[in-house]
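Structural overview for review
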Amino acid sequence: MTLTGKQLIGTTESADSSETFQGVNPATGKPLDTKFHEATAAEIDRAATMADEVFGTFRDMLAERRADFLEAIVEETLAMGDEFLEIASAETGHPLPRCTMERDRAVNQARLFANLLREGSWVDARIDLGDASRTPAPKPDVRSLLQPIGPVAVFGASNFPIAISVLGADTISALASGCPVIVKAHPAHPGTCEMAARAILKAAEKMRMPEGVFSLVQGKGIESGTTLVQHPKIMAAAFTGSLKGGRALMDVAAARPHPIPFYAEMGSVNPIFILPGALKENPETLADGFVNALTLGVGQFCTNPGLALGIQSDEWDRFSQLVSERVAQYTPSTMLHAGIHAAYTDGILARADNEELLLLGESEAEADPNACEAAAYVYETTQQGLLNDPTLLEELFGPSSTLVSCGKLTDMVEIAEKLEGSLSITVHGTEADLAEFKPLLKILQRKAGRLIFNGFPVGIEVCHSMHHGGPFPAASHSFFTSIGTRCIQRFVRPVCYQNWPNSQLPLALQNENPRGVWRMIDGVMTRDEV
Ligand code: NAP
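What comes next concerns the included structure. These numbers were taken from a predicted model, which means no experiment stands behind them. (Residues numbered from 1 in each chain as written. Predicted model: local features only at pLDDT ≥ 70, side-chain atom pairs only at ≥ 80, totals over all residues. Heavy atoms only, no water.)

1. Digging into the site of the ligand
What surrounds the ligand is a group of 29 residues, the closest being S158, H186, S242, E395 and H468. One of the backbone N or O atoms of S158 is found 2.8 Å from an oxygen atom in the ligand. Take S242: an N or O atom from its side chain is 2.6 Å from an oxygen atom of the ligand. Elements that contribute at least two residues to the shell around the ligand include exactly α7 (222–230), β10 (236–240) and α8 (243–255). Classifying every residue of the shell around the ligand gives twelve nonpolar, 13 polar and four charged. For the shell around the ligand, the two domains that each supply at least three residues are domain 1 (7–28 + 48–120 + 137–266 + 481–490) and domain 2 (272–453). (Near = heavy atom within 4 Å. Polar contact = N/O pair within 3.5 Å; in protein donor to acceptor, adjacent residues only side chain to side chain. Helix = DSSP H or I, 4+ residues; strand = E, 2+ residues; numbered from the N terminus. Nonpolar A, V, L, I, M, F, W, Y, C, P; charged D, E, K, R; others polar. Domains from an automatic or database assignment.)

2. Observations concerning α7
Within α7, the full set of buried residues consists of S224, G225, T226, L228 and V229. Looking at the buried residues of α7, the elements they touch are α1 (41–60), β7 (152–155), β8 (181–184), β10, α8 and β11 (262–265). (Buried < 20%, exposed > 50% of the residue type's maximum accessible area, 1.4 Å probe, protein only. Contact = heavy atoms within 4.5 Å.)

3. Focus: empty space enclosed by the protein
Summed over the entire model, instances satisfying the criterion amount to two cavities of 30 Å³ or more. Quantified by volume, the largest cavity comes out at close to 90 Å³. S268, V269, N304, G306, R351, L392, E394, E395, L396, F397, S400 and S401 are the residues that line the largest cavity. Partitioning the lining of the largest cavity into residue classes produces four nonpolar, five polar and three charged. Considered as a void within the structure, the second largest cavity measures approximately 30 Å³ in volume. Every residue lining the second largest cavity is listed: I73, V74, T77, A106, V107, A110, L167 and I172. Contributions of two or more residues to the lining of the second largest cavity are made by α2 (63–79) and α4 (96–119). Class assignment for the residues of the lining of the second largest cavity results in seven nonpolar, one polar and no charged. (1 Å grid on protein atoms, 1.4 Å probe; cavity = no way out; pocket = protein on both sides within 12 Å on 5 of 7 lines; lining within 4 Å. Points joined across faces, edges and corners; volume = space filled by probe spheres on them.)

4. A short note on the layout of surface pockets
As a volume, the second largest pocket reaches approximately 470 Å³. Mapped by element, the contributors of at least two residues to the lining of the second largest pocket are α1, α2 and β6 (142–148). The element best represented in the lining of the second largest pocket is β6, accounting for four residues. Looking at the lining of the second largest pocket residue by residue, the classes come out as 13 nonpolar, four polar and five charged.

5. Considerations on the environment of E281
With respect to the element layout, E281 can be found in helix α9 (residues 276–281). With 148 residues separating them in the primary sequence, E281 and G429 have C-alpha atoms 9.4 Å apart.

6. Brief notes about the sheet that holds strand β20 (residues 448–453)
Taking strand neighbours across the sheet as the criterion, the seven strands line up as β15-β17-β18-β13-β12-β19-β20 in an open arrangement whose pairing is mixed. Bordering the open sheet on either side are β15 (358–362) and β20, each of which pairs with just one other strand. The sheet shows a mean angle of 20 degrees between the axes of neighbouring strands, taken without regard to direction. In the packing of helix α14 (residues 409–418) onto the sheet, the strands contacted are β12 (272–274), β13 (307–311) and β18 (400–406), and the crossing angle to β13 comes to about 155 degrees. (Pairing = 2+ DSSP bridges. Axes fitted to C-alpha atoms, helices over the stretch in contact; angles between N-to-C directions.)

7. Side note on the packing of helix α3 (residues 81–92) against helix α6 (residues 190–206)
At their nearest, the axes of α3 and α6 sit 8 Å apart, and the two run at 155 degrees to each other. Regarding the angle of α3 to α6, the classification is roughly antiparallel. In this structure, α3 crosses over α6, and the sense of that crossing is left-handed. The segment α3 lies against α6, with E83, F84, I87, A88 and E91 engaging P190, G191, T192, M195 and A196. Its residues assigned to classes, the contact of α3 with α6 shows six nonpolar, two polar and two charged. (Parallel < 35°, antiparallel > 145°, perpendicular 65-115°, else oblique. Left-handed = near helix turned anticlockwise from the far one by under 90°.)

8. Topic: the sheet that holds strand β1 (residues 7–9)
Spatial ordering of the open sheet is given by β2-β1-β9-β8-β7-β10-β11, a layout of seven strands whose pairing is mixed. In the strand order of this sheet, the two ends are held by β2 (12–14) and β11, each with one partner. If you compare each strand with its neighbour and ignore which way they point, the axes differ by 20 degrees on average. In this structure, β7 lies alongside β8, joined through four bridges in parallel fashion. Each bridged residue has a counterpart across the sheet, and for V154 the counterpart in β8 is V183.

9. Notes on the environment of A176
Inspection of the secondary structure assignment puts A176 in helix α5 (residues 169–177). For A176, a relative accessible area of 0% gives the class buried. Residues A176 and P305, spaced 129 residues apart in sequence, show a C-alpha to C-alpha distance of 33 Å. The contacts of A176, once residues within four sequence positions are left out, are R66, L70, F113, L117, W122 and I488.

Such coordinate-based values are descriptive only and should not be taken to indicate function.
As structure tokens, this is what we get:
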């Protein structure tokens, strides 16, 4: 496929601006061939206006047609074959198997949403039947369901060029709900974004979707993204990326004359609490799992464990020793781009200034900065050392973590109280540990979106009950997830119909229930007709 580097606005290609940028292969530092044009405000306006114009048609279409559209996206994505994976690999330094895994994850996710649409109950239809004879006032007939909100802007993260980018859950769930989507391509993988967008547009054409249901705009720097979020026709935005970027755009969304929901999924420190019983049982397996989790994908996971906490003991010393040995064996690898590499290097340098933080272990092999390579580093400190340096409670994106030794349970509780919102918190323990550390577990449940027992946080199952979010700063809104089918709820709003004529109601609220979806009628879940 030939990349053009233009904005893809419905079926139109556009390159109004002569300002261009190129993707860069982080392993070689060399720019890739295609020149991508910065989107102008006029181009963003065309995409948003077109999305708004087709919203009504897309919203009112039978859910089965949108399911067919998602399945066509799967077909077109798979049809791109290795070429798609190769460009993602060249732009990010991810090895090909990692890109294949991401592609498969993305297509399975699209299939899951297609199934959700075909089943139909996700619209949460509720019916409270009227009663004209009720006294002193008659009871109205009240019915409600979730309906799409309008055109959605999507921003993906650099670390998942396929699975959390153009083809990610934000785009797919917004399209599933009936919202047109405009993606702001990530400047670290613009070619991957263009290819994925072309697959979506091909599928849209094939399934006769209205033109404008999907567009892609390119941009390096904050202007195009800011303009997109400010556009009056955009009704919601979904963002995955850094706290800095997420916070800035969240404020832009809130400052609009007509503020819109802004769903940001951001970084997180993902602490692991290793309780004494678990440590005694299997320190080797724990050390293997921990170092694997912190170095996987060169530590570039939002669920990377940035802290591991334990009670000071001979077993904890042994665990620390094992971690140090395993970290030494980690071969430095290429990070996603020069910016992320520089942020990681600066973070590691800053840690050297903290006298209460000791370097426990580091990769034996040297990292090549010209290939954006990162070595792994693990530090150790005490409970007090951690509390004295608030930066240790923030994400350092890359293969680095800190082991924190605590004197007793109350030390762990004190740290837990101070933790910021996290995407995940992990506990390793035995039944006896859980009984002894109950006060700790109670606090942890207030601090994270996902609690993991005797496992590791990297790797997120795409399923109906997944919650990938958490209290701020893990996410801008702790109610919502960016992974799993519940993420569709970000792009809908409940609409309530009172005494509305049956023939004019949305299908899922009509008496007949032709699709047989689950509905709550007078407080009882049923698939029956009224
Ligand atoms: P990023 O630098 O925040 O970029 C994400 C997107 O936002 C890019 O398109 C970027 O475009 C745009 N952007 C950033 N700042 C902006 C601003 N001030 N105004 C307008 N647009 C802005 O994040 P990243 O480096 O790609 O990703 C790494 C981060 O993502 C890590 O912190 C990681 O933990 C997090 N992450 C979170 C999750 C999750 O699910 N919670 C998943 C993966 C990654 P420009 O570059 O053009 O500004």
